[in-house]
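Commentary on secondary and tertiary structure
Listed below are the residues making up each chain.
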Amino acid sequence: MAKEGVEKAEETEQMIEKEAGKEPAEGGGGDGSHRLGDAQEMRAVVLAGFGGLNKLRLSRKAMPEPQDGELKIRVKACGLNFIDLMVRQGNIDNPPKTPLVPGFECSGIVEALGDSVKGYEIGDRVMAFVNYNAWAEVVCTPVEFVYKIPDDMSFSEAAAFPMNFVTAYVMLFEVANLREGMSVLVHSAGGGVGQAVAQLCSTVPNVTVFGTASTFKHEAIKDSVTHLFDRNADYVQEVKRISAEGVDIVLDCLCGDNTGKGLSLLKPLGTYILYGSSNMVTGETKSFFSFAKSWWQVEKVNPIKLYEENKVIAGFSLLNLLFKQGRAGLIRGVVEKLIGLYNQKKIKPVVDSLWALEEVKEAMQRIHDRGNIGKLILDVEKTPTPLMANDSTETSEAGEEEEDHEGDSENKERMPFIQ
């Protein structure tokens, strides 16, 4: 049960509207959410079932209220990650039941406090991890997953911060022990994690960063890494041509045959870290063939060979570390260090584009096409373009709306707000 009374909630509502540059509304609001005088409802992106883009709908759902130890956050922006695409396809271990609201990170303003919550006040600007349900106007999440953001950090930057920078930091410094003079190979260097890795490597003297990315991204990201290769080229030979002994750290979000290639590039005492498997995603829906191919191409690791070659192989899943393995305290320490680096102007989230909730299908297609440089953000207050608004019909919570044809969106021009 929330601590605040109705009067405090109304005061917060006015504060939120003022933050957005709006006059306080009387009764219903014009931003798509129902005000306190109306039914406790909100807009949310709902995944009706696993499959293609047609399974996503913008719906109205009951607004959650914070339980003991939780914060209620009026969401301003949400992060969109490749894992969200895999969730949509059902391409993960033990997928949750549908319908569900996707999304694992967001930023916004604290609107209410559950019992026993300390250290936060109504009106605080925060970013948070959420175990699903982030793509909505309001979320509730335990206090251990919430972090205050600097005054000069925008909500879009804050939504781009947690998943990417925490993943990059833990892999580099907690798992691989990055130090001065070492070398790193990172795949998908133009993505959100790739750009976070490049920035964090720049905080350590004399670190050489090798990156792979699609050719069309090279001009935009060439200054963020030391050496850049086409993702379809024979990067193993390219790396060895520059560094015959190989590299100290390999960060692999692709899997498949890249696992064997990465291990072959490791120097003695080097560390290979797998933190994704995007090679399993080829079409719009889950493909058993792609899954089987990627699994078959993974080199079978022989522990004796690792012992003989003095190599380390590791895996990293931030969501499992947070929500299944209870390491929220470790992650809070990492976030504090990262905010310190942000305040020192040493790191800054790279935002690719902003999308309205109604444009989630187009945003997800951009990730599928590997077209983003940095992070895609769902901006809760952004007005959709007319073309996209017509394509993303708002439905009831049940989502009972006629499904789109799978290929309908291919002929539609995508018009995000590019940063």
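Now for a quick tour of the structure.

The rules behind these values
- Residues numbered from 1 in each chain as written.
- Predicted model: local features only at pLDDT ≥ 70, side-chain atom pairs only at ≥ 80, totals over all residues.
- Heavy atoms only, no water.
- Phe/Tyr/Trp six-rings, centres within 6.5 Å; stacked < 30°, edge-to-face > 60°.
- Helix = DSSP H or I, 4+ residues; strand = E, 2+ residues; numbered from the N terminus.
- Buried < 20%, exposed > 50% of the residue type's maximum accessible area, 1.4 Å probe, protein only.
- Lys NZ or Arg CZ within 6 Å of the ring centre and 35° of its normal.
- Pairing = 2+ DSSP bridges.
- Axes fitted to C-alpha atoms, helices over the stretch in contact; angles between N-to-C directions.
- Contact = heavy atoms within 4.5 Å.
- Core = buried A, V, L, I, M, F, W, Y, C linked by side-chain atoms within 4.5 Å.
- Domains from an automatic or database assignment.
- Salt bridge = Lys/Arg side-chain N within 4 Å of Asp/Glu carboxyl O.

1. As for the packing of aromatic side chains
- Under the defined criterion, the tally for this structure stands at seven aromatic pairs.
- Measuring from ring centre to ring centre gives 6.0 Å for Phe129 and Tyr147, while their planes differ by 90°; the resulting arrangement is edge-to-face. A residue pair is termed long-range when its members are at least 10 positions apart, and Phe129 in strand E5 (residues 125–129) and Tyr147 in strand E7 (residues 146–148) qualify at 18 residues.
- Ring centres of Phe210 and Phe229 lie 6.2 Å apart, and the angle between their planes is 20°; on these two criteria the pair is classed as stacked. Of this pair, Phe210 sits in strand E9 (residues 208–213) while Phe229 sits in strand E10 (residues 227–230), and the two are 19 residues apart along the sequence. Each member of the pair, Phe210 as well as Phe229, is classed as buried.
- One aromatic cluster is present, built from ring pairs that chain together Phe161, Phe165 and Tyr342.
- Positioned above the aromatic ring of Phe155 is the side chain of Arg125, whose terminal nitrogen or guanidinium carbon lies 4.7 Å from the ring centre.

2. Quick word on the sheet that holds strand E8 (residues 183–186)
- Read across the open sheet, the six strands follow the order E10-E9-E8-E11-E12-E13; overall the sheet is parallel. What marks the edges here is a single partner per strand, and that holds for E10 and strand E13 (312–315). Averaged over all neighbouring strand pairs, the angle between strand axes comes to 15°, with direction disregarded.
- Note: E9 against E10, four bridges, orientation parallel. Its bridge partner lying in E10, Thr212 is registered against Phe229.
- Contacts from helix H5 (residues 192–201) reach E8, E9 and strand E11 (247–252) within the one sheet, and its direction differs from that of E8 by about 170°.
- Packed on one face of the sheet, helix H8 (residues 258–265) meets E8, E11, strand E12 (266–274) and E13 and runs near 155° to E12.

3. Notes on the nonpolar core
- Core analysis: the biggest nonpolar cluster contains 107 residues, and Trp135, Leu251, Ile331 and Leu338 have the highest contact counts within it.
- Domain assignment of the residues forming this core places at least three in each of domain 1 (41–157) and domain 2 (164–344).
- Contact partners of Trp135, with chain neighbours within four places excluded, come to Ala44, Val45, Cys78, Gly79, Leu80, Asp84, Val101, Pro102, Gly103, Val360, Met364 and Leu378.
- Counting residues in hydrophobic clusters, the runner-up holds 12 residues, among them Phe229, Tyr235, Val247 and Leu266.

4. Brief notes about the pattern of salt bridges
- With the rule as written, the count across this model stands at 17 salt bridges.
- Its salt-bridge partner being Glu381, residue Lys76 comes within 2.7 Å of it at the nearest N-O pair. A residue pair is termed long-range when its members are at least 10 positions apart, and Lys76 in strand E3 (residues 70–80) and Glu381 in the loop between strand E15 (375–379) and helix H14 (386–391) qualify at 305 residues.
- Of the charged contacts, one joins Lys261 and Asp257 as a salt bridge, the two residues approaching to 3.8 Å between their closest N and O atoms.
- The exposure class of Asp257 is partly exposed, given its relative accessible area of 32%.
- Here the salt bridges do not stand alone but share partners, grouping Glu65, Lys72, Arg74 and Glu111 into one network.

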